[in-house]
Amino acid sequence: PKVKAPYYAKRIELFEKYYERTCFDQKQAAAANEKLVVTLPDGNTKEGTKLVTTPKDVATMISKSLAKNVMVAKVDGEDWDVFRPLEDDCKLQLFTFDSAEGKYTYWHSTAHLVGQALELEYGADLTIGPPIEEGFYYDCYM
């Protein structure tokens, strides 16, 4: 397939640069060991470390089952990746696939994976590919 290699190479280069910076920031945050308090919807709190503790970590503190099934979080009402470190004291909601938020996140992320496969494996040009109530789809030009 005719793949637009320079475009993809630049995207990967940027990702690796930002990932390296994030890892460095997390190491510094771990060394600083600044505490934060996470407030759950039922009013219970969990303690964590700024820029180290993630929503996934908090889910693990609650139960192994929740940690295994959590799809997305809301931090102070904002959508938040479960692997993104928490930045300060916050209110946290966790969503599994059983919720509308969890389903939307799963279908949206899956659409991105399929889109990347279409680009890299088949050289497709993507047009539109939103998550929908029953899953997702991607239109493309090949």
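Provided above is the structure to which this section pertains.
Cut-offs and rules
Residues numbered from 1 in each chain as written. Predicted model: local features only at pLDDT ≥ 70, side-chain atom pairs only at ≥ 80, totals over all residues. Heavy atoms only, no water. Helix = DSSP H or I, 4+ residues; strand = E, 2+ residues; numbered from the N terminus. Rg over C-alpha atoms; globule rule 2.2 N^0.38 Å. Buried < 20%, exposed > 50% of the residue type's maximum accessible area, 1.4 Å probe, protein only. Arc of directions from axis to C-beta. Contact = heavy atoms within 4.5 Å. Core = buried A, V, L, I, M, F, W, Y, C linked by side-chain atoms within 4.5 Å. Patch = residues over 30% accessible without salt bridge, like charges linked within 9 Å, V, L, I, M, F, W, Y side chains within 5 Å. Areas by Shrake-Rupley, 256 points an atom, 1.4 Å probe, with all protein chains shown as cover. Salt bridge = Lys/Arg side-chain N within 4 Å of Asp/Glu carboxyl O. Expected span 1.5 Å × (residues − 1). Pairing = 2+ DSSP bridges.

A. Just the overall build of the protein, in detail. On a plain count of helices and strands, the protein comes out with 4 helices and 9 strands. If you list the helices and strands of the protein from N to C, you get α-β-β-α-α-β-β-β-α-β-β-β-β. Against the globule reference of 14 Å for 142 residues, the protein gives a C-alpha radius of gyration of 18 Å, more extended than a compact globule. Expressed along its principal axes, the backbone C-alpha trace of the protein runs to roughly 50 × 35 × 25 Å. The burial tally for the protein puts 29% of its 142 residues in the buried class.

B. Layout of helix α2 (residues 55-62). Residues Pro55, Val58 and Ala59 constitute the buried set of α2. One side of α2 carries all its buried residues, which in axial view fall inside an arc of 105°. Where α2 is buried, its residues contact β1 (35-39), β2 (45-49), α3 (64-69), β3 (70-75), β4 (78-80) and β5 (90-96).

C. Quick look at the nonpolar core. Counting residues in hydrophobic clusters, the biggest one holds 16 residues, and the most contacted among them are Val38, Leu86, Leu92 and Leu94. If you list the elements that add at least two residues to this core, you get β1, α2, α3, β3 and β5. Not counting chain neighbours up to four residues away, the residues in contact with Leu86 comprise Leu36, Val38, Thr49, Lys50, Leu51, Val52, Thr53, Thr54, Pro55, Val58, Val75 and Trp80.

D. Representation of the environment of Ala59. Mapped onto the fold, Ala59 is located in helix α2. Residues contacting Ala59, with those up to four places away along its chain left out, are Leu66, Ala67, Val70 and Leu94.

E. Inspection of a nonpolar patch on the surface at higher detail. On the surface, a cluster of nonpolar side chains totalling about 240 Å² of accessible area is made up of Ile128, Ile132 and Tyr137. As for its position among the elements, Tyr137 is in the loop between β8 (135-136) and β9 (139-141).

F. Molecular detail of helix α4 (residues 100-122). For α4, with 23 residues, the first-to-last C-alpha span of 32 Å sits near the 33 Å given by 1.5 Å per residue. Gly123 lies just past α4 and shows a positive phi near 70°.

G. Representation of the pairing of β1 in the model. Every second residue of β1 is oriented toward a common face, the buried set being Leu36 and Val38 and the non-buried set Lys35, Val37 and Thr39. As paired elements, β1 and β2 share 5 bridges and run antiparallel to each other. In the strand pairing of β2, Leu36 is matched with Gly48. Counting the residues that bridge the hairpin from β1 to β2 gives 5 residues, and of these Gly43 lies at a positive phi of roughly 95°. With 2 bridges joining them, β1 and β5 adopt parallel strand pairing. Each residue of the ladder has a partner; that of Thr39, found in β5, is Lys91.

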